[in-house]
Amino acid sequence: MRLDDEQRLALARQAAERAAGALRPFLNGQAGVLAADGRDIKTRADLAAEAALLEALAGTGPVLAEESGASAGVDLEAGTWVIDPLDGTLNFTRGFPMAAVSVAWWAGGEPRLGVVLDLGSGDCFEGCVGSGARLNGRQIAVSDIQDPGQAILATGFPSGASQDTDVLLPFLRRLQRVKKVRLLGSAALSLAQVAAGRFDLYHEDGIWLWDVAAGLALVRAAGGKIAPLEIRDDWTCNCLASNGHLPLNQLLDS
Ligand code: IPD
Ligand code: CA
């Protein structure tokens, strides 16, 4: 089925809402933990939400999904859905309201459109490059902060990444350069805050594409910038997105 961007965005929103519905029985710390290896966690809630997303998107393009991986025909140039049924899984299992459903369309090698549905507040962030970003239907835009000393940096530490001291040292230097650092435990919601101008910068190394795809589309749609992504074979990448006004070289210099 061939869809234009507007139709795809509407479909992404409907799919995210269906996934949120599938997550409802698992709310309040009842996520049904299936595995908790090291810092990673898998739950019945992730699987139920992904099944709902896959059903809603069926027949509309190949899908790269957190739980089931890449379907046949996945092609980030030609067009692919990139979905995370539950971003912020650990928060969700603990009843901490910072988790989201994330649905993106990636095409031309770039994040094109995305929906991030905040499960705690019900807030719906959506956007398409070229036609803007919205929060619950109201237009949003990135901040205009230029001074790193006034900036809020959102970041995170992927479950698979090294937390050796030498790996963490560059993070400490960044922390010293900005006003505040925020770790929400959901990459999708962190990026949505950058798109809404509440945070100014998001940076995370070794993050999976499905965690950031919709959020990256939101930041672009809201007038921000993302650094070129090198996507590895395991679908991880180093991710940097900002309001487009901060001097990133100065900020990230290690
Ligand atoms: C995680 C969250 C977290 C980020 C991790 C991700 P998940 O995703 O986005 O903020 O720091 O890198 O893996 O596992 O909750 O979908
Ligand atoms: Ca997830």
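Here the structure is shown first, and the text comes after it.
None of these values were measured; they are calculated from a predicted model.

> In this structure, what is going on with the overall build of the chain? I would like to understand it.
Tallying secondary structure elements over the chain gives seven helices and 15 strands in all. Taking 18 Å as the expected radius of gyration for a compact globule of 254 residues, we find that the chain reaches 17 Å, a close match to that expectation. Judged by the C-alpha coordinates and their principal axes, the chain covers about 45 × 40 × 35 Å. Burial statistics for the chain: of 254 residues in total, 51% are counted as buried. Sequence separation of at least 24 residues holds for 63% of the intrachain contacts in the chain that already meet a minimum separation of 6. Approximately 11400 Å² of the chain is accessible, and the part contributed by carbon and sulfur atoms is 48%. Put simply, the chain has 22 plus and 31 minus side-chain charges, and the middle of one group is 6 Å from the middle of the other.

> What exactly am I supposed to notice about the pairing of strand β7 (residues 110-118) here?
Consecutive side chains along a regular strand alternate between the two faces of the sheet. β7 sits mainly inside the fold: seven of its nine residues count as buried. Where strand β6 (residues 100-107) meets β7, eight bridges bridge the pair, whose relative direction is antiparallel. Bridge assignment links V103 to a residue of β7, and that residue is V115. The hairpin turn running from β6 into β7, its antiparallel successor, is two residues long, and G108 in that turn takes a positive phi close to 65 degrees. Summarising the sheet, β7 and strand β8 (residues 124-128) pair through five bridges and their orientation is antiparallel. Bridge pairing in β8 places V116 opposite F125.

> Just to check I follow, could you spell out the sheet that holds strand β14 (residues 225-226) for this structure?
Across a sheet, strands are paired by hydrogen bonds formed along the backbone, either parallel or antiparallel in direction. Ordered in space as β12-β11-β13-β15-β14, the five strands form an open sheet in which the pairing is mixed. Looking at which strands have only one partner, the edges of the open sheet turn out to be β12 (180-182) and β14. Summarising the sheet, strand β13 (residues 201-208) and strand β15 (residues 236-242) pair through six bridges and their orientation is antiparallel. Each residue of the ladder has a partner; that of L201, found in β15, is S242.

> What's the story with the packing of aromatic side chains in this structure? I'm lost.
Note on aromatic pairs: each is described by the distance of the centres and the angle between the planes. The final tally for this structure, using the stated rule, is two aromatic pairs. On the basis of an interplanar angle of 90 degrees and a centroid distance of 5.1 Å, the ring pair of F157 and F171 is categorised as edge-to-face. Of this pair, F157 sits in the loop between β11 (152-155) and α4 (165-177) while F171 sits in helix α4, and the two are 14 residues apart along the sequence.

What counts, and where the lines are drawn
- Residues numbered from 1 in each chain as written.
- Chains lettered and ligands numbered in written order.
- Predicted model: local features only at pLDDT ≥ 70, side-chain atom pairs only at ≥ 80, totals over all residues.
- Heavy atoms only, no water.
- Helix = DSSP H or I, 4+ residues; strand = E, 2+ residues; numbered from the N terminus.
- Rg over C-alpha atoms; globule rule 2.2 N^0.38 Å.
- Buried < 20%, exposed > 50% of the residue type's maximum accessible area, 1.4 Å probe, protein only.
- Contact = heavy atoms within 4.5 Å.
- Areas by Shrake-Rupley, 256 points an atom, 1.4 Å probe, with all protein chains shown as cover.
- Lys, Arg positive; Asp, Glu negative; His and termini not counted.
- Charge placed at Lys NZ, Arg CZ, Asp CG, Glu CD.
- Pairing = 2+ DSSP bridges.
- Phe/Tyr/Trp six-rings, centres within 6.5 Å; stacked < 30°, edge-to-face > 60°.

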